[in-house]
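Each chain, letter by letter, is given below.
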Amino acid sequence: MSDRQYEACYTFEAKGTPQGTKRKRADPVGLHASWKRRRTLFEQVWSSQKQKIEEVLSTINASTLQDLLNYLNARPEGARRNRLPTGLVLSGSASATYGSVFARLSSLVASFPDKIYIPVKAATATNLKGFLKCLITSATNNDSSNADGSDDEKSGLGRKGPRLLNYDLQNLSEYVQKNGINQVVVVFQDSEAFDTNLLAEVIKIFGCWIDRIPFVCLFGIATSIDNLQQRLPRAAVRCLDGQLFNTVRADEVLEQVFRAAHSFDTQLWFGSGLWNTMLERQRNHLGGIDAFTDALLYASMSHFFANSLTLFLSEGLSFKDVPNDHFEAVRNLGSFQTHVRRLLDSGKAQLVHSLLHSNTSLFDYSMKQLTSERHRMRSLTQCAVIIHTLRSRLAITPATSYSAIQCGALAGTLRDSPLLRILMATIKRCPSNVLEDLLAHVQPLVPDSQAVDFSAIVDDIQTLRKADISGAPFRSTLDTPSMALHTTMMAQKVTLSKSKPAILPRDAAYSDIVQRFHDLLAGHFTQTLIDPRSLFLNEVFFYDLKSPYREVFMPKPRAAIERALSNPADYLGCSCCGASGQSSDGKENDDVTLAPSHPSTAIMYQLYVQSGALINVADLWSAFNAVSSGGEDMDEDGERMNMALFQRALAELRYMGLIKPTRKKADCVAKVLWKGL
Amino acid sequence: MPKRRAEEAAIDEDPTPRKIRRATRDDDEPASSPQVSAAVTPSGRKSILRGTPSKLNGTASVEPTPKSLRKVLFTTPAKPAVEETPTAVRNDRSARRKSQRILQSHDESDDEDAEADEEIAQQILDEDASEDDDEEAAVPITDTPTKSGKLRGRPKGRRRERTPSPPPDLPPHELYFFQNRAGGNKTSANTLPSHLLLGHDDYFAQINAYKDPHAADIKQLKHLHYRSFDQWIFELEEGFNICLYGYGSKRELVMEFAEHMYAQAECEKPSIVVVNGYTPGLTIRDILVAVSKVMTGLKLPAQPGAMLDMLMSKLEDTAPTPPLTLIIHSLDHANLRKGNTQAMLARLVTHSSISLIATCDTPNFPLLWDVSITRQLGFLYHDATTFQPYRVEIDVVEEVNALLGRSRRRLGGKDGVAYVLKSLPENARDLFRILVEEQLALADSSEPSTTLGDATADSEDDDDLLGASDDEAALAGQDTPSRRVRGRGRPAKRKATPSRPIARPSASAMEGVEYRALYLKAVEAFVCTSELAFRTLLKEFHDHAMVESRRDAAGTERLGVPMGREELEALVGELMKK
């Protein structure tokens with residue numbers, strides 16, 4: 001291995017002998033022993049999840065795609081006015097999503113033999129020549145089935161006469177004629193990124209060739225059409241014959257995927273902290289929806305990988321599948337301990353005893369409990385769905401997104417939230433037509449046990465309505481203004497009288513119904529809106545760790561390097577370097593620590609941090625020598641050793657891009673990075 | 001001075017009140033001086049000096065208290081007496097002074113920076129005052145002339161008090177501005193004696209003898225990372241790619257991981273391609289070729305783009321059954337940093353049957369990739385700080401030399417060049433001599449107005465080069481006698497002399513000789529007859545890195561020998577002798 005370290009590229013061969021005597025496949029031990037089972041479980045869980053997400057994604061822009069396809073199919077007849085047919089695909093600020101629209105469009109277009117689909121990116125071509133060259137090669141090459149045909153074509157070109165330059169659109173024209181292509185779809189995915197002049201020229205040239213090459217342009221627009229139009233000169237705009245296509249906004253896509261991922265029948269629930277972090281990152285940073293699905297995948301991966309108790313999630317688990325140490329792990333869970341305490345408080349000492357001492361009873365008990373606890377999680381999710389439906393039906397402002405409500409429910413804060421209070425207050429005073437609408441939407445969502453009560457309410461309203469002939473919606477007594485001031489003129493005397501409006505008997509009856517509905521809902525909410533963390537064995541089915549997600553997707557490499565160099569003990573865990581750093585235990589003192597025991601690069605880094613924008617290497621050397629010798633006088637050998645370390649540290653700093661050579665002053669280097677910036 | 005007065009006379013409709021004022025002041029000054037002597041602190045003295053009538057007038061009319069003019073400890077009772085002078089009215093008209101005053105009164109309570117501002121403001125304010133002071137100095141009746149000197153020296157003295165070390169606990173951005181402030185960088189002119197820097201042999205001898213006191217800790221850290229190997233395998237299998245960052249060489253760690261992966265593979269051993277990103281001259285082509293080697297029966301086109309296309313289509317057709325793992329050490333190395341290279345790599349690893357493990361060493365490597373490339377790479381980032389030295393990745397001695405602009409990757413200085421020239425034909429030697437002579441002549445002529453062309457030129461410091469060449473000559477064991485004949489002192493001794501930095505600027509002026517001019521000269525000297533022959537001769541020089549070619553601002557090609565002036569002179573001497 002070591003002899004290949006200077007080779008540029010090579011195929012790896014294991015260091016051990018061919019038979020692999022050096023290393024054996026190590027079988028996992030301990031809690032990790034159940035990993036294989038967990039892995040299959042994970043794959044099961046994730047594949048169902050993934051399927052749901054993909055279903056959502058495939059339907060999301062289906063109508064836009066269909067429109068685009070129809071547009072393309074209808075075009076050949078329409079393109080006679082010497083104008084360039086152009087589809088303007090407006091995708092809002094989320095530039096990341098349109099990639100998927102175009103990707104799916106390309107696969108759809110590929111099924112037509114008479115169309116060529118050419119995606120062009122701003123990065124690939126900076127000038128007209130390069131653009132055309134790129135366009136022509138991708139147009140003539142991407143037809144892989146026709147590989148031999150292209151050879152023919154080349155020779156054909158040779159026969160006909162002078163060889164054309166490779167950016168001459170005549171090439172494309174001939175290719176189009178030869179292969180009977182009646183549409184060349186050119187897609188500018190990132191139209192904003194294109195150079196304005198280039199875009200204008202390209203459009204004009206396309207306009208000139210439209211009678212020979214059946215061009216259709218598609219622009220992906222992240223800003224607005226006005227912006228595009230303003231950028232283009234009038235001559236170019238005149239060539240275009242545009243039609244607008246809207247795509248689903250990224251926020252909406254995100255919500256839909258969230259719905260798919262966090263639904264009634266999930267096996268594993270993510271906590272509000274994790275959801276919020278993921279959603280926030282998705283909203284604040286450009287990134288396609290696939291980044292979100294990746295995050296979901298990684299969250300499930302880490303849960304199943306790191307938590308051996310996820311084994312209990314598998315269907316049809318039998319006692320003998322569970323290694324003994326897993327039971328010990330269950331007994332160490334925080335939720336187990338609180339649960340046991342609760343059991344003891346309610347005087348079930350016998351049960352507790354068996355749970356603590358018998359693995360079989362623990363297994364049976366926890367499997368049973370898991371089913372019921374997961375059921376409670378489901379009703380929690382469902383309850384949040386009800387709240388969201390009610391809110392959206394009542395059009396309560398500010399509109400709260402589905403994901404926000406679900407996150408509130410998962411955090412256990414929804415029950416006492418103002419959001420819910422406002423909802424309940426609004427329900428109390430809603431008229432009968434609204435209530436009926438609400439009931440119609442809520443009834444299918446409530447669990448069977450309560451469905452009876454809800455249908456009773458529906459029936460009552462029906463009977464009330466039958467009795468009433470006016471047909472006007474009933475009003476709740478709370479909805480009418482409770483007090484009214486009446487001014488009466490009686491014989492030159494003004495009488496002010498306060499009175500409650502007369503309550504119609506039907507309204508009074510209706511108010512009772514509304515109240516019943518309100519109470520029913522309130523009862524349901526208090527019952528189901530629980531804090532998931534209070535559930536027994538929530539560690540198994542509830543995952544709310546932000547840190548792996550954050551570290552893996554949003555790394556801070558610079559901070560890591562700075563930390564390693566300014567506080568080496570954090571990584572090395574040695575007592576010699578840590579002493580000064582830890583005794584201060586304040587971050588402020590970090591940069592004051594300079595100990596001879598530090599690794600040489602760390603010493604250098606400290607000196608580097610303290611010095612100004614220009615560093616004199618001679619001074620740096622004397623400082624380094626002084627620090628690393630620890631104040632003792634060094635003999636020649638020691639100094640040479642220090643010099644070697646100094647040189648190495650200096651080279652490492654440069655390698656990491658912390659310093660660069662400068663010509664401002666002799667023997668000086670320039671500082672590049674400032675710590676903490 | 002007279003000029004100034006004339007100016008003032010022109011501005012002032014009536015110059016006489018000034019004189020009156022001065023007279024009154026002269027009366028006042030002695031009255032105040034006992035107080036000054038009572039307050040021994042120099043600041044007290046200064047405060048009085050600050051309160052020169054003209055300035056005081058300026059402030060007093062707006063703000064009667066002397067507050068705005070910072071800590072005036074002792075106010076002379078004489079001030080009110082001077083207040084009503086006409087100059088005060090005149091000064092008061094200045095909008096600039098008004099605004100300055102307002103600014104000042106705001107800033108007053110602030111810290112050092114504000115004080116610096118105040119100083120500037122003060123200096124502006126003092127302009128008028130100093131006029132008076134100068135006059136005072138000129139007028140013999142006023143007290144000691146040292147006074148005015150002190151007045152003007154005061155801000156300077158204060159500035160000198162400011163320490164070059166930053167005040168503690170500056171937030172990072174403040175520290176940045178503090179360290180980058182104009183004129184704030186007082187780096188010493190010390191130079192590092194060349195003999196201190198170790199050569200390759202010494203360096204390796206020392207480093208190999210070095211026993212890291214942290215060896216055990218580093219090993220433990222490595223074992224910590226080993227524990228996540230299974231996790232990494234899982235992540236790779238789920239279609240993610242892995243990027244390791246953090247301080248320290250991650251090469252060994254990744255190779256250990258490769259071993260582990262190999263050992264853990266169940267049936268078919270995975271094919272792993274290793275790319276050492278730090279290898280000099282590595283290109284994307286090498287990587288693609290290495291990948292294609294794993295897949296048999298591929299005849300690759302020459303262009304990297306076409307190569308990648310072919311690879312991708314091949315991968316589509318027949319995906320390798322155990323997915324191919326690509327290990328790239330130092331993905332962010334300068335070799336691979338080009339946008340196109342990264343984009344191609346990203347495209348390659350998007351394929352589901354290729355997984356990538358890359359290591360990155362620089363702190364800001366994520367900036368290499370834009371959104372789409374980041375998405376294509378699909379990295380999971382792991383902190384893999386190892387604290388292991390970058391043993392393979394860096395050529396320490398070369399790196400340090402390049403950093404300090406000492407010797408470069410070329411033949412050992414003057415002696416090396418002489419050695420090469422010995423083996424070249426006569427006319428090549430002549431051409432080289434002409435080139436060097438021309439270059440020297442050019443340097444002589446353009447010495448005063450020298451501008452350094454581009455940053456590639458590394459011939460600025462003669463002594464460094466010379467010193468390095470001496471070292472190398474000693475290493476090579478071919479000390480030419482001619483140098484001693486020329487009677488130059490032993491460089492090692494001379495190097496230590498403090499005169500070095502002074503000699504530097506003149507030598508840093510090596511501009512190249514114009515290609516055309518050199519050609520004509522060569523033809524004149526019958527060195528060559530055609531441009532082709534000329535080119536052939538030059539090529540030999542280029543191959544030995546004896547000549548550097550660059551284009552100047554006007555686009556003309558210029559040729560130069562990358563050496564210091566004294567070395568060039570010595571070279572000419574040698575060449576002439578032959």
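Residues numbered from 1 in each chain as written. Chains lettered and ligands numbered in written order. Predicted model: local features only at pLDDT ≥ 70, side-chain atom pairs only at ≥ 80, totals over all residues. Heavy atoms only, no water.

Undergrad: Before we move on, can you summarise the overall build of chain A with the specific residues and values?
TA: When you go through chain A residue by residue, the secondary structure sums to 29 helices and 13 strands. Evaluated residue by residue, chain A yields a buried proportion of 48% over its 677 residues. Summarising the internal contacts of chain A: among those between residues at least 6 apart in sequence, 75% fall at separations of at least 24. (Helix = DSSP H or I, 4+ residues; strand = E, 2+ residues; numbered from the N terminus. Buried < 20%, exposed > 50% of the residue type's maximum accessible area, 1.4 Å probe, protein only. Contact = heavy atoms within 4.5 Å.)

Undergrad: Let's hear about the environment of Thr389 of chain A: which residues, and what values?
TA: Residue and element names in this part refer to chain A. By the element assignment, Thr389 lies in helix α16 (residues 359–394). Using a relative accessible area of 14% as the deciding quantity, one classes Thr389 as buried. Setting aside residues up to four positions removed in sequence, Thr389 forms contacts with His441 and Leu445.

Undergrad: Explain the sheet that holds strand β6 (residues 513–514) of chain B to me, and be specific about the residues and the numbers.
TA: Residues and elements named next belong to chain B. Strands sit in the order β6-β8-β7 across an open sheet of three strands; the sheet is antiparallel. Two strands close off the open sheet at either side, each with one partner strand: β6 and β7 (548–551). Pairing of β7 with strand β8 (residues 557–560), which is carried by four bridges, proceeds in the antiparallel orientation. Bridge pairing links Arg550 to Arg558 in β8. (Pairing = 2+ DSSP bridges.)

Undergrad: Mind laying out unusual backbone geometry, listing which residues take part and the relevant values?
TA: All names here are of chain A. The phi dihedral of Ala395 is positive, around 55°, even though this residue is not glycine. Looking at the element boundaries, Ala395 is found in the loop between α16 and α17 (402–411). Ala395 gets classed as exposed once you look at its relative accessible area, which sits at 57%. The backbone of Leu537 sits at a positive phi, close to 60°, despite the residue not being glycine. Mapped onto the secondary structure, Leu537 falls in the loop between α21 (505–528) and α22 (538–541).

Undergrad: Quick rundown of the pairing of strand β4 (residues 183–188) of chain A? Include the residues and the values.
TA: Residue and element names in this part refer to chain A. Counting buried residues along β4, six of its six residues qualify, which places the element largely inside the surrounding structure. Across the two faces of β4 the burial is the same, with Gln183, Val185 and Val187 and Val184, Val186 and Phe188 all buried. Note: strand β3 (residues 115–120) against β4, six bridges, orientation parallel. Looking across to β4, one finds that Ile116 is bridged to Val184. Relative to strand β5 (residues 215–221), β4 runs parallel, the two sharing five bridges. Looking at the pairing, Val187 lines up with Leu218 of β5. In this region the chain leaves β4, passes through helix α7 (residues 196–209) and returns to the parallel neighbour β5; the handedness of that crossover is right-handed. (Right-handed = clockwise from strand over helix to strand, strands pointing away.)

Undergrad: Tell me about the interface of chain B and chain A, and name the residues and values.
TA: Across the boundary between the two partners, chain B contributes 100 residues, which contact 97 residues of chain A. In total, about 8,700 Å² of surface goes out of reach between chain B and chain A, with carbon and sulfur atoms giving 62% of it. Our count for the chain B to chain A interface comes out at four salt bridges. A salt bridge links Glu237 of chain B to Arg39 of chain A; its shortest N-O distance comes to 2.5 Å. Scanning the region where chain B abuts chain A turns up 21 residue pairs in polar contact (both at pLDDT 80 or more). Looking at the side of chain B that touches chain A element by element, the count peaks at nine residues for helix α14 (residues 251–264) of chain B. Here the residues of the side of chain B that touches chain A sort into 54 nonpolar, 22 polar and 24 charged. (Buried area = accessible area lost by both parts, 1.4 Å probe. Salt bridge = Lys/Arg side-chain N within 4 Å of Asp/Glu carboxyl O. Polar contact = N/O pair within 3.5 Å; in protein donor to acceptor, adjacent residues only side chain to side chain. Nonpolar A, V, L, I, M, F, W, Y, C, P; charged D, E, K, R; others polar.)

Undergrad: Any details on the state of the cysteines? Residues and values, ideally.
TA: In this structure the tally under the stated criterion is zero disulfides over all chains. With no disulfide of its own, Cys239 of chain A lies closest to Cys208 of chain A among cysteine sulfurs, the gap being 6.9 Å. (Disulfide = S-S within 2.5 Å.)

Undergrad: Residue-level account of the packing of aromatic side chains, with values.
TA: All names here are of chain A. The tally for this structure, following the rule as stated, stands at 52 aromatic pairs over all chains. Between Tyr298 and Phe553, the ring centres sit 5.7 Å apart and the planes meet at 90°, which makes this aromatic pair edge-to-face. In this pair, Tyr298 sits in helix α12 (residues 289–306) while Phe553 sits in helix α23 (residues 547–553), placing the two residues 255 residues apart along the sequence. The class for Tyr298 is buried, based on a relative accessible area of 4%. The exposure class assigned to Phe553 is buried, which follows from its relative accessible area of 11%. Consider the rings of Phe312 and Phe363, whose centres lie 6.4 Å apart with planes at 40°: the pair is tilted. (Phe/Tyr/Trp six-rings, centres within 6.5 Å; stacked < 30°, edge-to-face > 60°.)

Undergrad: Tell me about the nonpolar core, residues and numbers included.
TA: Counting 105 residues, the largest nonpolar core has Trp275, Phe312, Ile387 and Phe525 of chain A as the members making the most contacts within it. The contact partners of Phe312 of chain A, leaving out residues within four places of it in the chain, are Leu317, Val322, Phe327, Val330, Phe363, Ser366, Met367, Leu370 and Val540 of chain A. Counting 89 residues, the second-largest nonpolar core is a separate cluster that includes Cys574, Met604 and Trp621 of chain A together with Tyr245 of chain B. (Core = buried A, V, L, I, M, F, W, Y, C linked by side-chain atoms within 4.5 Å.)

Undergrad: Please give an account of the side chain of Asn359 of chain A that cites residues and values.
TA: Residues and elements named next belong to chain A. Checked against the element boundaries, Asn359 lands in helix α16. Of note is the side chain of Asn359, whose polar atom sits 2.9 Å from the side chain of Arg331. Once you skip the residues sitting within four places of it in the chain, Asn359 turns out to touch Phe319, Asn324, Phe327 and Arg331.

Undergrad: Can you lay out the packing of α12 of chain A against helix α13 (residues 229–237) of chain B for me, pointing to particular residues and giving the numbers?
TA: At a minimum axis separation of 11 Å, α12 of chain A and α13 of chain B run at an interaxial angle of 140°. For the element pair α12 of chain A and α13 of chain B, the recorded crossing hand is right-handed. For the pair α12 of chain A and α13 of chain B, contact is made by Tyr298, Met301 and Phe305 of chain A and by Asp230, Gln231, Phe234 and Glu235 of chain B, respectively. Within the contact of α12 of chain A with α13 of chain B, the residues separate by chemical class into four nonpolar, one polar and two charged. (Axes fitted to C-alpha atoms, helices over the stretch in contact; angles between N-to-C directions. Left-handed = near helix turned anticlockwise from the far one by under 90°.)

Undergrad: So what's going on with the packing of helix α19 (residues 432–442) of chain A against α21 of chain A? Residues and values would help.
TA: In a pair of packed helices, the angle between the axes and the distance between the axes together describe the arrangement. Residue and element names in this part refer to chain A. Orientation of α19 relative to α21, taken along the N-to-C sense of each, is 30°, at an axis distance of 11 Å. Remark: the crossing between α19 and α21 carries left-handed chirality. Here α19 contributes Ser432, Leu435, Leu438 and Leu439 to the contact with α21, which in turn contributes Tyr510, Ile513, Val514 and Phe517. Along the lines of polarity and charge, the residues of the contact of α19 with α21 split into seven nonpolar, one polar and no charged.

Undergrad: Talk me through the confidence of the model for chain A; I want residue IDs and the actual numbers.
TA: All names here are of chain A. Summary statistics for chain A give a mean pLDDT of 81 and a share of 87% for residues scoring 70 or more. Counted against residues more than four places away or in other chains, residues 17–22, with its pLDDT under 50, gives two contacts. Under a pLDDT of 50 for its full length, residues 579–592 has, in the predicted model, 11 contacts with residues more than four places off or in other chains. (pLDDT = per-residue confidence, 0-100.)

Undergrad: Tell me about the pattern of salt bridges, residues and numbers included.
TA: Counted by the stated rule, this structure contains 28 salt bridges over all chains. Across the pair Arg37 of chain A and Asp321 of chain A runs a salt bridge whose closest N-O atoms are separated by 3.5 Å. A residue pair is termed long-range when its members are at least 10 positions apart, and Arg37 of chain A in helix α1 (residues 35–60) and Asp321 of chain A in the loop between α12 and α13 (324–331) qualify at 284 residues. Relative accessible area serves as the criterion here: at 24%, Asp321 of chain A is assigned to the partly exposed category. Residue Glu252 of chain B is joined to Lys222 of chain B by a salt bridge in which the shortest nitrogen-to-oxygen separation is 3.0 Å. In this pair, Glu252 of chain B is assigned in helix α14 and Lys222 of chain B in helix α12 (residues 215–226), connecting sequence segments 30 residues apart. Residue Glu252 of chain B is classed as partly exposed on the basis of its relative accessible area, which comes to 34%. By sharing partners, the salt bridges in this structure join Arg39 and Glu43 of chain A together with Glu237 and Glu238 of chain B into a single network.

Undergrad: Before we move on, can you summarise the sheet that holds strand β13 (residues 668–671) of chain A with the specific residues and values?
TA: What the three strands build is an open sheet, ordered β11-β13-β12 (chain A); its pairing is antiparallel. Of all strands in the sheet, those bounded by a partner on one side alone are β11 (614–616) and β12 (659–661) of chain A. The mean angle between the axes of side-by-side strands here comes to 40°, regardless of whether they run parallel or antiparallel. Where β12 of chain A meets β13 of chain A, three bridges bridge the pair, whose relative direction is antiparallel. Paired with Pro661 of chain A across the bridge in β13 of chain A is Val669 of chain A. This element, helix α28 (residues 617–628) of chain A, spans β11 and β13 of chain A of the sheet and lies at about 65° to β11 of chain A. Relative to β12 of chain A, helix α19 (residues 396–404) of chain B is tilted by about 65°, and along the sheet it contacts β12 and β13 of chain A.

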